[in-house]
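# Architecture and fold: a report
Here are the chains, one letter per residue:
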Amino acid sequence: MDIEAEIRALQLDSAEDNNATLIPEDAKPEEVEMTDKVEEGMTDEVDTKSQPVQAEPKVKDKEVADMDCAEVPDEMESQKKRHLNVVFIGHVDAGKSTTGGQILFLSGQVDDRTIQKYEKEAKDKSRESWYMAYIMDTNEEERVKGKTVEVGRAQFETETTRFTILDAPGHKSYVPNMISGASQADIGVLVISARKGEFETGYERGGQTREHVQLAKTLGVSKLLVVVNKMDDHTVNWSKERYDEIESKMVPFLRSSGYNVKKDVQFLPISGLVGTNMKTRVDKNICPWWNGPCLFEALDSVEIPVRDPKGPYRMPVIDKFKDMGTVVMGKVESGSICEGDSLLVMPNKAPVKVLAVYCDEDKVRRAGPGENLRVRLSGIEEEDISSGFVLSSVVKPIPAVTEFTAQLQILELLENAIFTAGYKAVLHIHSVVEECEIVELLQQIDPKTKKPMKKKVLFVKNGAVVVCRIQVNSLICIEKFSDFPQLGRFTLRTEGKTIAVGKVTDLPSRSSA
């Protein structure tokens with residue numbers, strides 16, 4: 001690696017390897033362009049690091065399971081459709097749930113009778129325009145408040161792709177739930193309201209449009225579709241000027257957040273409430289200036305991220321329940337799972353056997369990376385599993401640690417706060433949510449030269465990049481970013497605010513594995 005690439009490797013941002021560096025907003029355009037070029041040069045190196053495929057020693061149970069799987073066609077392959085997890089993000093009231101509901105209606109997942117029922121229910125609540133959102137917002141609290149609280153989940157298909165929709169809450173009180181949804185996603189749909197005043201509210205400092213973009217990039221959402229919604233609103237009327245204004249403001253911010261706008265971001269106008277420019281292209285009589293794709297076409301054209309079906313098995317647990325055994329839910333980040341496999345639940349090293357695997361409500365014999373699964377296990381009780389645990393390979397289990405070294409990008413500290421040893425925050429990494437403390441600041445990265453500073457660092461302020469040691473109270477399962485990006489990137493939050501994003505650079509040599 002040449003010296004420029006080595007320096008660049010110390011940075012958090014990489015559009016190609018799904019990293020999440022945030023370039024300061026006042027960065028010069030020339031510097032941003034340079035960043036994109038260097039990122040492209042690093043792609044091959046990062047890809048090889050993120051696929052640590054090792055030959056597994058012989059394990060009797062594993063051998064038997066693999067032989068069984070070899071004889072049965074892979075259900076995922078037999079469907080001949082690629083699979084993508086799509087998270088809907090954006091400011092509160094931008095229309096995420098309504099757009100998700102409209103997608104399910106247009107793709108035939110919801111019938112007319114159900115829609116009529118929701119229309120009546122919304123009208124009885126004097127919320128006539130909310131009825132499409134009821135498809136995704138299923139609990140009464142969400143319908144009464146008109147706010148998504150939990151991450152909604154649903155499936156739909158196009159001719160070429162199976163999609164899992166993750167409808168993330170937009171309200172700032174529920175950002176931890178949004179993080180949970182985004183950590184399971186492959187691509188993001190950023191929903192922005194074109195209605196006069198609503199875009200500005202979401203985009204200004206403190207608005208969720210900004211925070212959601214930054215979090216999505218940090219959590220590995222490498223591709224974004226930016227849908228400018230509510231284009232049919234009377235304050236907009238499919239105005240090209242309004243659409244162009246929103247795009248011109250969003251592009252520099254997306255670039256400063258680490259996105260390669262030319263390659264990884266696509267804009268398009270829609271109306272989520274009535275479904276315009278979603279399944280079919282918008283009529284020229286309505287929007288004569290739009291010549292691009294509709295939403296379904298744009299989703300179909302997104303590239304599948306690189307996945308490793310032969311890597312060590314990793315499935316972070318996002319939920320669990322009892323159903324003829326213990327059932328865990330999560331997204332497979334690496335490796336494949338087969339009925340009959342012997343695995344470990346980490347960090348408590350509990351050996352378990354896979355009794356059944358379910359994908360999109362269907363029982364399957366085998367499933368690969370990228371799939372959202374329910375896995376029925378024997379050998380462990382429901383109360384012995386928590387969110388953040390990881391279903392893991394026996395031969396190469398995921399490391400479990402209470403301390404690790406990381407590189408952090410400080411975004412915006414609370415007023416009068418100083419980031420130094422002893423600083424406490426809440427760590428969000430894959431499905432782990434754990435209180436943590438900064439134990440030691442090891443070195444600061446010079447923003448101009450991108451090299452480590454020689455002088456000892458005692459504290460840092462907003463915008464700084466710093467290498468530090470972080471400690472948590474309980475064992476957590478994480479990986480180095482260079483080995484498993486999805487299990488090695490994280491955010492730090494305090495008092496409801498995201499103050500830093502980072503990546504795990506080193507783990508103790510004696511981690512519990």
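Residues numbered from 1 in each chain as written. Predicted model: local features only at pLDDT ≥ 70, side-chain atom pairs only at ≥ 80, totals over all residues. Heavy atoms only, no water.

To be explicit about the condition: UniProt positions are given in the numbering used here, feature names are shortened, and annotations may be inferred rather than shown by experiment.
Per an unreviewed UniProt entry, the protein chain goes by the name Tr-type G domain-containing protein and belongs to Gossypium darwinii. Of the comments in the UniProt record for the protein chain, the one headed Function (unreviewed entry) reads "This protein promotes the GTP-dependent binding of aminoacyl-tRNA to the A-site of ribosomes during protein biosynthesis."

## Details of the pairing of strand β22 (residues 465-477)
Just so we agree on the cut-off: Whether two strands pair depends on DSSP finding at least two bridges between them. A run of H or I in DSSP becomes a helix once it reaches four residues, and a run of E becomes a strand once it reaches two; helices and strands are each numbered from the N terminus.
The sheet contact formed by strand β17 (residues 400-410) and β22 spans 9 bridges and is antiparallel. By the bridge assignment for β22, Gln409 is matched with Val465. Here strand β20 (residues 432-445) pairs with β22 via 8 bridges, running antiparallel. Note on β22: the bridge partner recorded for Ile438 is Ile470.

## Points about helix α5 (residues 96-106)
To keep things clear, this is the line we draw: Burial classes: relative accessible area under 20% of the type maximum marks a residue as buried, over 50% as exposed, and values in between as partly exposed (1.4 Å probe, protein chains only).
Taking burial as the measure, the 11 residues of α5 include 9 buried ones, the bulk of the element. All buried positions along α5 are accounted for by Lys96, Ser97, Thr98, Thr99, Gly100, Gly101, Gln102, Ile103 and Leu104. A positive phi of about 85° marks Gly108, the residue just after α5.

## Considering the environment of Gly272
For the record, the criterion: A contact between two residues is defined here by any heavy atoms of the two lying within 4.5 Å.
Considering the arrangement of structural elements, one finds Gly272 in the loop between β6 (265-269) and α13 (295-301). The spatial distance from the C-alpha of Gly272 to the C-alpha of Thr98 is 6.0 Å, given a sequence separation of 174 residues. Excluding residues within four positions of it along the chain, Gly272 makes contact with Thr98, Thr99, Gln102, Asn229 and Met278.

## Quick notes on the packing of helix α8 (residues 175-182) against helix α10 (residues 208-218)
Where we set the bar: Here an axis means a line fitted to C-alpha atoms, over the contact stretch when the element is a helix, while the angle between two N-to-C directions is reported on a 0 to 180 degree scale. The cut-offs work like this: below 35 degrees is roughly parallel, past 145 is roughly antiparallel, 65 to 115 is roughly perpendicular, and the gaps in between are oblique. The crossing is said to be left-handed when, going from far helix to near helix, the turn is anticlockwise and less than a right angle, and right-handed when the turn is clockwise. The classification used treats Ala, Val, Leu, Ile, Met, Phe, Trp, Tyr, Cys and Pro as nonpolar, Asp, Glu, Lys and Arg as charged, and all other residues, Gly among them, as polar.
In the contact formed by α8 and α10, the axes pass within 10 Å of each other and the chain directions differ by 40°. As summarised for this structure, α8 and α10 are arranged oblique, according to the angle between their axes. Here α8 and α10 pass one another in a crossing that is right-handed. Across the interface between the two elements, Val175, Met178 and Ile179 from α8 touch Gln208, Glu211, His212, Leu215 and Ala216 from α10. Considering only residue class, the contact of α8 with α10 consists of 5 nonpolar, 2 polar and 1 charged.

## Side note on unusual backbone geometry
Following Met346, the chain continues to Pro347 via a peptide bond in cis, the omega torsion being 15°. By the element assignment, Pro347 lies in the loop between β11 (342-346) and β12 (350-359). In the Ramachandran plot, Asn237 falls in the positive-phi region, its phi being about 50° despite a non-glycine side chain. Following the sequence through the fold, Asn237 ends up in the loop between β5 (223-229) and α11 (240-256). Among the residues examined, Asn237 registers a relative accessible area of 53% and is labelled exposed.

## Quick notes on empty space enclosed by the protein
For clarity, the cut-off: Definitions used for this entry: grid spacing 1 Å over protein atoms alone; cavity, a set of points where a 1.4 Å probe fits but cannot get out; pocket, an open set with protein on both sides within 12 Å along at least 5 of 7 lines; lining residue, one with an atom within 4 Å of a point. Grid points are joined across faces, edges and corners, and a volume is the space filled by probe spheres set on the points.
The tally for this structure, following the rule as stated, stands at 3 cavities of 30 Å³ or more. Approximately 60 Å³ is the volume attributed to the second largest cavity. If you trace the second largest cavity, you find it lined by Ser183, Gln184, Pro316, Ile318, Gly330, Lys331, Glu333, His430 and Ser431. Each residue belonging to the lining of the second largest cavity can be placed in one class, and the counts come to 2 nonpolar, 5 polar and 2 charged.

## Considerations on the pattern of salt bridges
In plain terms, the rule: Salt bridge, as applied in this entry: a Lys or Arg side-chain nitrogen positioned within 4 Å of an Asp or Glu carboxyl oxygen.
Counted under the stated rule, the structure contains 23 salt bridges. Taking the shortest distance from any N to any O, the salt bridge between Glu198 and Lys230 comes out at 2.9 Å. Placement of Glu198 in helix α9 (residues 198-203) and of Lys230 in the loop between β5 and α11 is noted, with a sequence separation of 32 residues between them. Several salt bridges converge on common partners, so that one network encompasses Arg195, Glu198, Lys230 and Asp233.

## Overview of the nonpolar core
Test applied: Throughout this description, the term nonpolar core refers to a set of buried Ala, Val, Leu, Ile, Met, Phe, Trp, Tyr and Cys residues connected via side-chain atoms within 4.5 Å.
Formed by 65 residues in total, the largest nonpolar core has its most connected members in Met250, Leu254 and Leu299. With 6 residues, the top contributor of residues to this core is α11. Beyond its immediate stretch of four places on either side in the chain, Leu299 contacts Arg82, Leu84, Val86, Phe156, Phe163, Ile187, Val189 and Leu225. Counting 30 residues, the second-largest nonpolar core is a separate cluster that includes Ile410, Tyr423, Ala425 and Ile429.

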